[in-house]
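Structural overview for review
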Amino acid sequence: MIFKNKLSAIFFIFLLISASAQVSVTGKLVDKETKTPLPNADIFLRGTQTYTSSAEDGTFSIRSDKYIDSLEIDPDGYPTKYVLLQQGDNPNLVIEISKKEKSTTAAKSLKEITVIGFPPKKVPKKENPAWGIMKELWKRKRINGLSNFKNYQYQEYEKIEFDLNNIDSLFVEKKIFKKLGITAKDIDTLDISGKTYLPVFLNESLSDVVGENEPVKREKIFLTANKTSGMPNNDIVANTVKNLYKDINIYDNTLNFFNKGFTSPVAINGFSVYEYLLTDTIDVDGVQCFHIKYRPLRDNELTFKGDLYITTGTYNVKQVNLQSSAGINVNFVKDIYMELEYDTVSDSVFIPLRNYTVLDMSLLSKKESTRGMFAKRTLTCNGYQFDLPKAKIDSLIDRQWEPMTEGAYDKDDSFWTNNRPDRLNADDKNAYELVDRVSQTKFFNNIVDIIEVLSSGYINVGKIDLGDLYQGFGYNAIEGIRLRAGVRTFFSPNDMWRLEGYTAYGFKDEKFKYGAQARFMFNKFNRFTLGIGTKQDISQLGVSLFGDEGIMTRSFASSSIISRGDNKFLSSLKQTNIFMSIEPWKNVQFRLDGTYQYIKSANPVEFNISYYDKKGVVQNDLYDTHLTFSIQARPGAKYSRYGLDRYEHTTLAPALILKYTKGLNGVFHSGFNYDKLQLLYNQPILWGAIGKTDISLEAGKTFNRLPLSLLSVVPANQSYGIIPNTFGLLNYYDFVTDTYSAMHLEHHFNGRLFSYIPLLKKLQLREVVFLRGVWGDISDSSVKMNASNINYLAPKDHIYYEYGFGIENIGLGNLRFFRIDFNWRGNYFDMPTTSDNKISKFGVKIGMQFTF
């Protein structure tokens, strides 16, 4: 869990102290024809033993500590009535029941329906009336209408709110509430239902969305207004909250929630995942629709239950509601509920109108008694315009727009009154007043400060930060115990320039190390940045095929306290770097680095990096000066802030990096003229119910002979921790190459397989399988140049590979941060090793990860 701002702090605090998600209902039963009360009717929360009876005047009240999706009502002499419930309060329902009622009826506000129950045994799909309807829908599989026009523009309004349940006057008397300035008077007045209610947070935003499909597909979202009561740094606040939600296209086979693949109820493989029941044909906003209920065939899978409303003439989804199935294996999330509404432009085109989402979340546990919180989001789209003049679209898309400087966070109340689509209700107004008051209390700000230190690793003192605390302690064989302290300037999260530095001391080698860097960003739109830095430190070269030019990055040499075998292969590095970077297009960065470095062994007795120079003389150290030009593309990546250090949100965005390095012989004593070309590609892929695959591909070639310290060493991992894109059973410098290609595959089943094993299903463990391999070669010229004590070996004849499986989501309740991997070596069991360490055929690695 990473807390980036005060909103994250509020989220943490109120999850910790809030109440569990409940349902409560009050209302009255009446005869549909005569409007007379219906007394003594049995009323159940469906699927539970919780029930009540209506009074003589037809009124009733019922509630539960867990969310139940519907009421079952059995009046004497009337058909059974089922009423779908929303999460939380369902106050003052007036439920009409007719003796003549046999088919489905609908009331838009209450979603009342008379249901024909699912049969006890699943009906074969070809005998199911819903099968023919779904086949017609698949034939006409819709695409988002926006892609069918040359260009488009529309307005988007978003409201996000957090609400606490089960808060009564006695609970509010707790000490923590008093310190936050919350009293019983803050409990919402809608407690007529018997359910108390406390607003916590509300954020509103208005955006202008502009896009075109011809001649080049592009879209931009311009945030024009944003409001969050009592919260500074609103840009990161709003985007952090929005990152909880994903844009959903119901026609996709897989729906992305928390980067986990849920099977859509209209997926082509739906009948292998869901059971469907055609109940009736009803009117939805003046359109005749088939009403199809659906539910999952199996529990504990990433699926939904709910209702589909499919138009009778064009077979498109008019409305759909989705509620996650029981026992979903998603940390911190007890339940997901979503309502989607669409408008149909033609037979094959739909346009989204409204998306209402409720997340039932809890911090420590998913038990029904655990206190939790609702996170609600309402997204409405309106004002659609299509096929506007090209000149107008170009002017709209190409405009430079930064919400902060454009005043998006400074709109007054009159602006919101005139521009929001709907008026704020009483709950929303209470949320603004309450959060503003709470955020001004000293106790709240003290908690925020502590959480910000824990999340960032830095302690703020005026205009500087002290840290990173998480890099303060390390250990390696050369330095022994290592302490590091750092400082950086910090005026705001959107700083356009930053100075930073560190110093470190090793108690074994009794030497100080240091690093310093200055960065300046001159344009926040194309992010044109210049930087310069220098460092002198101990480094573990050869732990990444794709080298990092960064000055301030932590040295891998001191990141592990306990390792497999002895690591003597450390280098002493003096490095100076100058760079400039620019983003000419969104999420595409061009960067040019100029680097000078002096490298020698940090342990000359046991780690010799010597080489023969052009005259055949043995050299024990080297000078290298080179230029590096790189292009990085991150299509689909989302960021908050516009300053130097942006916060990247969790997405499924791929990463593609192409890098060219040119060695400059004779520049600053450099002795090497070389060309190196490298490629890195990372791609996560959701596969629906079977999980997610992370793919990483690397390739590179050096076109000239080089000494050991400048070659491409296959990255080993001798620590007991899990480190991405390394080989856990290799020793350092086992494989040395100047031409290579590597692949790392990792598939997360998200508990799919374990869900069939009762004990493991209950533990909510998740399974991972992985395969990694590398092929490489080393040129004869580089081999002849070698005078080190490392015997060059490349995996040329056979691809070296490792495989294994892991168990993740290990922990208690929702706090499941641990993962353990079991690795096996696939080949090269008898290869000569570069150290005294034995060849490892099997190994265990342990790691921590923070995921839903």
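Residues numbered from 1 in each chain as written. Predicted model: local features only at pLDDT ≥ 70, side-chain atom pairs only at ≥ 80, totals over all residues. Heavy atoms only, no water.

With respect to the overall build of the protein chain
- For the protein chain, the helix and strand inventory stands at eleven helices and 45 strands.
- Looking at the protein chain as a whole, 55% of its 852 residues qualify as buried.
- Carbon and sulfur atoms make up 57% of the accessible area of the protein chain, which amounts to about 37,200 Å² in all. (Helix = DSSP H or I, 4+ residues; strand = E, 2+ residues; numbered from the N terminus. Buried < 20%, exposed > 50% of the residue type's maximum accessible area, 1.4 Å probe, protein only. Areas by Shrake-Rupley, 256 points an atom, 1.4 Å probe, with all protein chains shown as cover.)

Considering the environment of Asp 428
- Along the chain, the position of Asp 428 falls in helix 8 (residues 426-438).
- Remark: the alpha-carbon pair of Asp 428 and Phe 201, spanning 227 residues in sequence, is separated by 8.6 Å.

Considering the side chain of Asp 468
- Along the chain, Asp 468 turns up in the loop between strand 23 (464-466) and strand 24 (473-476).
- A polar side-chain atom of Asp 468 sits 2.9 Å from the main-chain amide nitrogen of Tyr 470.
- Those residues in contact with Asp 468 that sit more than four places away from it in its chain are Ser 456, Gly 457 and Tyr 458. (Polar contact = N/O pair within 3.5 Å; in protein donor to acceptor, adjacent residues only side chain to side chain. Contact = heavy atoms within 4.5 Å.)

Here's the deal with the pairing of strand 33 (residues 621-633)
- Bridge count for strand 30 (residues 588-601) against strand 33 is 13 bridges, and the pairing is antiparallel. Residue pairing for strand 33: Ile 599 is matched across the bridge by Leu 622.
- With eight bridges joining them, strand 33 and strand 36 (residues 655-663) adopt antiparallel strand pairing. When the bridges of strand 36 are listed, Ala 633 appears paired with Leu 656. (Pairing = 2+ DSSP bridges.)

What to know about the confidence of the model for the protein chain
- Averaged over all residues, the pLDDT of the protein chain equals 83, while 84% of them reach at least 70.
- Overall, residues 1-10 carries pLDDT values under 50, and its contacts beyond four positions in sequence, including any with other chains, amount to 36 contacts. (pLDDT = per-residue confidence, 0-100.)

Describing the pattern of salt bridges
- Applying the stated rule across the entire model yields 35 salt bridges.
- With a shortest N-O distance of 3.2 Å, Lys 293 and Asp 307 are connected by a salt bridge. Note that Lys 293 is positioned in strand 16 (residues 287-296) and Asp 307 in strand 17 (residues 304-311), a separation of 14 residues in sequence. Across the pair, exposure class does not vary: Lys 293 and Asp 307 are buried alike.
- Between Arg 591 and Asp 593 there is a salt bridge whose closest N-O contact spans 2.7 Å.
- A network of salt bridges, in which partner residues are shared, links Glu 212, Arg 218, Lys 390, Asp 394 and Asp 398. (Salt bridge = Lys/Arg side-chain N within 4 Å of Asp/Glu carboxyl O.)

Topic: helix 6 (residues 390-397)
- For helix 6, the complete set of buried residues consists of Ile 393, Asp 394, Leu 396 and Ile 397. Considered in projection along helix 6, the buried side chains sweep an arc of 165° and stay on one side of the axis. (Arc of directions from axis to C-beta.)

Brief notes about helix 2 (residues 129-139)
- All of the buried residues in helix 2 are Ala 130, Trp 131, Ile 133, Met 134, Leu 137 and Trp 138. Relative to the axis of helix 2, the buried residues are bounded by an arc of 165° and lie together on one face. Those residues of helix 2 that are exposed and angled more than 90 degrees off the buried face are Pro 129 and Lys 139.

Details of the pairing of strand 16
- Counting buried positions along strand 16 yields seven of ten residues, so the element is predominantly enclosed.
- Here ten bridges tie strand 15 (residues 274-284) to strand 16, and the two strands are oriented antiparallel to one another. Its bridge partner lying in strand 16, Asp 280 is registered against His 291.
- What sits between strand 15 and strand 16 in their antiparallel hairpin is a turn of two residues, with Asp 285 showing a positive phi close to 55°.
- Two elements, strand 16 and strand 17, share six bridges in a ladder whose sense is antiparallel. Considered in strand 17, the bridge of Tyr 294 is made with Gly 306.

Side note on a nonpolar patch on the surface
- A surface patch of nonpolar side chains, amounting to about 860 Å² of accessible area, comprises Phe 491, Trp 497, Leu 499, Phe 520, Phe 522, Leu 530, Met 580, Leu 592, Leu 627 and Phe 629.
- With respect to the secondary-structure elements, Leu 627 resides in strand 33.
- Relative accessible area serves as the criterion here: at 37%, Leu 627 is assigned to the partly exposed category. (Patch = residues over 30% accessible without salt bridge, like charges linked within 9 Å, V, L, I, M, F, W, Y side chains within 5 Å.)

Some remarks on unusual backbone geometry
- Residue Glu 214 is joined to Pro 215 through a cis peptide bond whose omega torsion reads 0°.
- Looking at where Pro 215 falls in the secondary structure, it is placed in the loop between strand 11 (197-212) and strand 12 (218-228).
- The backbone phi angle of Gln 764 is positive, close to 60°, even though this residue is not glycine.
- Along the chain, Gln 764 falls in the loop between helix 10 (758-763) and strand 42 (766-777).
- Exposure remark for Gln 764: the relative accessible area of 15% places this residue in the buried category.

Describing a positive patch on the surface
- A cluster of basic side chains, namely Lys 122, Lys 125, Lys 126 and Lys 135, defines a positive patch on the protein surface.
- Mapped onto the secondary structure, Lys 122 falls in the loop between strand 8 (112-113) and helix 2.
- The exposure class of Lys 122 is partly exposed, given its relative accessible area of 37%. (Lys, Arg positive; Asp, Glu negative; His and termini not counted. Charge placed at Lys NZ, Arg CZ, Asp CG, Glu CD.)

With respect to the environment of Arg 484
- Relative to the assigned elements, Arg 484 resides in strand 25 (residues 480-489).
- On the basis of relative accessible area, Arg 484 is assigned to the buried category, the value being 14%.
- Along the backbone, Arg 484 and Tyr 470 are 14 residues apart, and their C-alpha atoms lie at a distance of 9.5 Å.
- Reaching out from Arg 484, the side chain makes a polar contact with the side chain of Gln 471 at a distance of 3.0 Å.

Regarding the nonpolar core
- In terms of nonpolar packing, the biggest core is built from 50 residues, with Ile 250 and Leu 308 touching the most fellow members.
- Ranked by residues supplied to this core, first place goes to helix 2 with six residues.
- One finds Val 774, Met 785, Tyr 792 and Tyr 800 within the second-largest nonpolar core, a separate group that totals 37 residues. (Core = buried A, V, L, I, M, F, W, Y, C linked by side-chain atoms within 4.5 Å.)

Focus on the packing of aromatic side chains
- Inspection of the entire model under this criterion finds 38 aromatic pairs.
- Members of the aromatic cluster, each reached through a chain of ring pairs, are Trp 131, Trp 138, Phe 271, Tyr 274, Tyr 276 and Tyr 294.
- Positioned above the aromatic ring of Phe 222 is the side chain of Arg 399, whose terminal nitrogen or guanidinium carbon lies 4.0 Å from the ring centre.
- The lysine or arginine in question, Arg 488, covers the ring of Tyr 458, its NZ or CZ lying 3.7 Å from the ring centre. (Phe/Tyr/Trp six-rings, centres within 6.5 Å; stacked < 30°, edge-to-face > 60°. Lys NZ or Arg CZ within 6 Å of the ring centre and 35° of its normal.)

A few points about the environment of Asp 76
- Position of Asp 76 among the secondary structure elements: in the loop between strand 5 (70-74) and strand 6 (81-84).
- Classification of Asp 76 as exposed rests on a relative accessible area of 68%.
- On a C-alpha basis, the gap between Asp 76 and Leu 38 in space is 8.8 Å, while along the polypeptide they are 38 residues apart.

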